[in-house]
Amino acid sequence: MKYNDIRQVFLDYFASRGHKIVPSASLVPNDPTLLFTVAGMVPWKGILQGAEAPFAPRVADVQKCIRAGGKHNDLDEVGFDGRHHTFFEMMGNWSFGDYFKAGAIEQSWELLTGVLKLDPEKIRVTTHVSDEESTELWRKIAGKEAIRLGDKDNWWSAGDTGPCGPCTEMFYDFGADIENEDDRWVEIWNDVFMQFDRDANGNLTPLPKQNVDTGGGLERWAAMLQGVRDNYDTDLFVNLMRAVEDVAGVKKTADNTPSFKVITDHLRAVGFAIADGVIPSNTDRGYVIRRILRRAMRHGQMLGHRGPLLSKLYPALITEMGAAYPELAREESRVVEIIRNEENAFADMLQNGMKLLDGELPKLHDKTLPGDVAFKLFDTYGFPLDLTQMILRDRGMDVDTAGFERAMTEQKERSRANTKGTRTLWESQTELPDTDDTGKYAPTTDMESRVLSILRGGEFVQSAAAGDEVEVALDKTPFYGTQGGQVGDSGTLAMGDAVVMNIGEAARVNNVVIHKGTLTAPLAVGDVVRPAIDDKMRAQTTRAHTATHLLQAALRTVLNEDVQQRGSKVSPDSVRFDFSFGRAMTADEKQAVEDLVNKWIAADMPVEHAEMSLDAARDRGAMALFGEKYGDIVRVITAGDVSCELCGGTHVHHTGEILRAKINKEKSISSGIRRITMSVGTLAE
Ligand code: SER
């Protein structure tokens, strides 16, 4: 029986026994305690616990699962045997308060022996030591004497808390000549009787309803029904491996089979996860997928392959599994794009990192790679620790993981010291009032401000001398402190006619504007000063900011409405704009965007600056940045009829003030995110 037919036979059988058939839920669970959907019961946890009402008394499905990176983790086993997968399909039938032990066992037995015609002699069953009822049922229904085991084997739960209960498992004999018992008798189905809810203290409370959760691995069933001993010898994997042979240009041999297994397994995990919306990244499930993808590339490299691999194999995955999972084809262009970007980004690092590693290994005195080398591979070449370990494991070596962690912590501390700077010191000044910076939108030079706080060399001081590098907080200021992507103003503080401080940049910590620079005369807390911004720089930043809004509008016009801002830096006459878009822009598209921005500049459209309630802004259709917090009163910047955005930055009053715009570069910064750099004003001219 073909792999894809087994899925159908399973569902058809349970449909004939009154079950509602439902499609697989997403691999991304609606459950903060899990990285991925690790079992068929994950989407039904709420129903099993009694917190949600069941939508049908009997349900059957085939659930996409990933067991990698979390408590349920099979990543390190893949490739070494014929049974482990990071991605697999779990077939399950469910009773939500309907049938219980008798119904579950009777149906399992009928499907295995009545429908699939498996030899009853080749099936063994286990029950929980406490479960008399199931043991007796097996005698009655199948004439089988169950092997009775303890909690470790026959008690099931998805996590430390939640629904759980005793289970009965079915094992199939893969061949009397197989010496290792675990390889000979393979678990093919697990019927869990969800009777209890376990709380954080380990107490068991009977559930309001008695439920059945069963799980059978489709990959194992395929091996069993096709008479092969290795899941990777079933038709689906044979076909995927043929695709690997074509793409890598290498025949599968006994020696390189582990790489074929890893690549085909990882293709399914990466392909399905990204189709379900996971994006490779440096955190959480995104990092698990990145690691799996990089491991696959390493195995491609071991086969002599260079560059993109899984992105080229993805069409074969659609051929094999697209009929059962339409999302694979529906998401094809996006998934292939993301995988290809990720693979391109890592390809050179993989080659160079391997060179570094090959140079280090002969120097080792024992079989342990120093932590700082593993860290360099991680930090400079993007080798996740487990990738380095996987490579070394092939050579009987390991990594000094404690040394790796130490190097990682040291680097984190260094970068914290560099980037955080004095921010935490200012944050500790809880008595300091918010700076009145309402003057920033119409700066004058005659404001009189009082010095409230002076920070010098990591300490708050009452006064400082000429030549000191200081940071100063005032009661009010016309300075724009860096915020919302727009860099802060530079300028001066003066007393009388004399400048007392040159300010390189005004920053912002919460609602306090921090003036950073060098004193040219003594300054003390309580002094009254006249702050003045650098008008020329402000004008350049201001026109760059309005140009950023026009750029966003032009991208949405030329590319599509889905383009979304993901970050920006607005500096004097220059713009850096990050946005979500799945591929590189063509030269024509870049030109069209630039032309459109310049057309809008030439039209000298009026730019309206308005303050209103957030609701009124929404009614106007103002674009807001996703994830950004806005106050009740917001500023809305409207340029002609092309752009309307919520924005606290400074802006020109006519687009003609921008003079000109010129796109310099467009590149990828991570999967699905592009970065444009653009000059404006006299710099563009
Ligand atoms: N939840 C059980 C398992 O994952 C049965 O589906 O094995």
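Scroll up to find the structure.
The rules behind the values
- Residues numbered from 1 in each chain as written.
- Predicted model: local features only at pLDDT ≥ 70, side-chain atom pairs only at ≥ 80, totals over all residues.
- Heavy atoms only, no water.
- Helix = DSSP H or I, 4+ residues; strand = E, 2+ residues; numbered from the N terminus.
- Buried < 20%, exposed > 50% of the residue type's maximum accessible area, 1.4 Å probe, protein only.
- Contact = heavy atoms within 4.5 Å.
- Areas by Shrake-Rupley, 256 points an atom, 1.4 Å probe, with all protein chains shown as cover.
- Lys, Arg positive; Asp, Glu negative; His and termini not counted.
- Charge placed at Lys NZ, Arg CZ, Asp CG, Glu CD.
- Axes fitted to C-alpha atoms, helices over the stretch in contact; angles between N-to-C directions.
- Parallel < 35°, antiparallel > 145°, perpendicular 65-115°, else oblique.
- Left-handed = near helix turned anticlockwise from the far one by under 90°.
- Nonpolar A, V, L, I, M, F, W, Y, C, P; charged D, E, K, R; others polar.
- Pairing = 2+ DSSP bridges.
- Phe/Tyr/Trp six-rings, centres within 6.5 Å; stacked < 30°, edge-to-face > 60°.
- Lys NZ or Arg CZ within 6 Å of the ring centre and 35° of its normal.
- Salt bridge = Lys/Arg side-chain N within 4 Å of Asp/Glu carboxyl O.
- Near = heavy atom within 4 Å.
- Polar contact = N/O pair within 3.5 Å; in protein donor to acceptor, adjacent residues only side chain to side chain.

With respect to the overall build of the protein
A tally of regular secondary structure across the protein gives 21 helices and 27 strands. In terms of principal-axis extent, the alpha carbons of the protein reach across some 105 × 60 × 50 Å. Expressed as a percentage of its 685 residues, the buried residues of the protein come to 55%. Sequence-distant contacts in the protein: of pairs separated by 6 or more residues, those separated by 24 or more amount to 68%. Summing over all exposed atoms, the protein offers an accessible surface of approximately 30000 Å²; the carbon and sulfur share of this is 48%. Both charge centroids of the protein, one from 79 positive and one from 103 negative side chains, sit 3 Å from each other.

Description of helix α15 (residues 385-393)
Counting buried positions along α15 gives seven out of nine residues, so the element sits mostly inside the fold. Leu385, Asp386, Leu387, Thr388, Met390, Ile391 and Leu392 are the residues of α15 that are buried.

A word on the environment of Ala532
As for its placement among the helices and strands, Ala532 is situated in strand β20 (residues 528-533). Setting aside its immediate chain neighbours within four residues, Ala532 contacts Thr445, Phe479, Ser490, Gly491 and Thr492.

With respect to the packing of helix α1 (residues 3-16) against helix α3 (residues 101-115)
Where α1 contacts α3, the axes come no closer than 11 Å and their chain directions differ by 125°. Put simply, α1 runs oblique to α3. Seen from above, α1 lies across α3 with right-handed handedness. Judged by residue contacts, Val9, Phe10, Tyr13 and Phe14 of α1 engage Gln107, Glu110, Leu111 and Val115 from α3. A breakdown of the residues in the contact of α1 with α3 according to their chemical character gives six nonpolar, one polar and one charged.

Considerations on helix α14 (residues 371-381)
If you check which residues of α14 are buried, you get Gly371, Val373, Ala374, Phe375, Leu377 and Tyr381. Two residues or fewer after α14 comes Gly382, characterised by a positive phi angle close to 70°.

Some points on the sheet that holds strand β24 (residues 633-639)
Ordered by their spatial adjacency, three strands build an open sheet running β23-β24-β25, and the pairing between neighbours is antiparallel. This sheet does not close on itself; its edge strands, each paired only once, are β23 (607-613) and β25 (643-646). Strand-to-strand twist in this sheet, taken as the mean axis angle between neighbours without regard to direction, amounts to 20°. Taken together, the seven bridges between β23 and β24 define a ladder with antiparallel strand orientation. When the sheet's bridge partners are listed, Glu608 is paired in β24 with Thr638. Across the sheet, helix α18 (residues 535-558) lies against β23, β24 and β25, angled at about 120° from β25, the strand it touches most.

A closer look at the sheet that holds strand β21 (residues 564-571)
Sheets are built from strands that pair by backbone hydrogen bonding, the pairs being arranged parallel or antiparallel. Read from one edge to the other, the open sheet built from four strands follows the order β21-β22-β27-β26, with strand pairing classed as antiparallel. If you trace the sheet from one side to the other, it starts and ends with β21 and β26 (661-670), each paired once. The sheet shows a mean angle of 20° between the axes of neighbouring strands, direction not considered. As paired elements, β21 and strand β22 (residues 574-580) share seven bridges and run antiparallel to each other. Note on β22: the bridge partner recorded for Val570 is Val575.

What about the packing of aromatic side chains?
All told, the structure shown has 24 aromatic pairs when counted by the stated rule. Clustering of aromatic rings is evident, with ring pairs tying together Phe10, Tyr13, Phe14, Trp189 and Trp221. Above the plane of the ring of Phe80 lies Arg393, whose end atom (NZ or CZ) is 4.1 Å from the centre.

Description of the pattern of salt bridges
Counted under the stated rule, the structure contains 38 salt bridges. Residues Arg139 and Glu136 are paired through a salt bridge, measuring 2.7 Å at the closest nitrogen-oxygen approach. Remark: Glu136 and Arg139 occur in helix α4 (residues 132-142); sequence separation between them is three residues, near one turn of the helix. On the basis of relative accessibility, which here comes to 34%, the residue Arg139 falls in the partly exposed class. Between Arg456 and Asp468 there is a salt bridge, with its nearest N and O atoms 2.9 Å apart. Here Arg456, found in strand β12 (residues 449-456), pairs with Asp468, found in the loop between β14 (463-464) and β15 (469-474); they are 12 residues apart in sequence, far enough to count as distant. Residue class for Asp468 comes out buried when judged on its relative accessible area of 18%.

What to know about the site of the ligand
As a matter of local geometry, the ligand sits amid Ala39, Met41, Arg67, Met90, Trp156, Asn190, Val192, Asp213, Thr214 and Gly215. The protein chains hide 95% of the 230 Å² of surface that the ligand would expose on its own. Contributions of two or more residues to the shell around the ligand are made by β8 (185-198) and β9 (204-217). Element by element, the count of residues in the shell around the ligand is highest for β9, at three residues. Along the lines of polarity and charge, the residues of the shell around the ligand split into five nonpolar, three polar and two charged.

Notes on the environment of Gly69
The residue Gly69 is located in the loop between β2 (58-66) and β3 (87-96) in this model. Taking the C-alpha atoms as reference, Gly69 lies 8.9 Å from Phe36; in sequence the two are 33 residues apart.

Notes on the side chain of Thr214
By the secondary structure assignment, Thr214 is in strand β9. On the basis of relative accessibility, which here comes to 1%, the residue Thr214 falls in the buried class. Engagement of the side chain of Thr214 in a polar contact is seen with the side chain of Asn93, the distance being 2.6 Å. One polar contact links Thr214 to Trp189, side chain to side chain, over a distance of 3.0 Å.

Thoughts on the pairing of β26
Both β26 and strand β27 (residues 673-680) contribute to a ladder of eight bridges, which runs antiparallel. Its bridge partner being in β27, Lys662 is matched across the sheet by Ser679. Taken together, β26 and the strand that follows it, β27, pair antiparallel across an intervening segment of two residues, in which Gly672 is found at a positive phi of about 75°.

As for the pairing of β9
Each regular strand carries side chains that alternate between the two faces of the sheet. Here β3 runs beside β9; their pairing, made up of five bridges, is antiparallel. Pairing of Trp94 across the sheet is with Asp213, part of β9. Bridge count for β8 against β9 is eight bridges, and the pairing is antiparallel. From the neighbouring strand, Val192 faces β9, where its bridge partner is Asp213. Linking two consecutive strands that pair antiparallel, namely β8 and β9, is a turn of five residues; a positive phi of about 90° is found at Gly202 within it.

That's the geometry; what it means functionally is another story.
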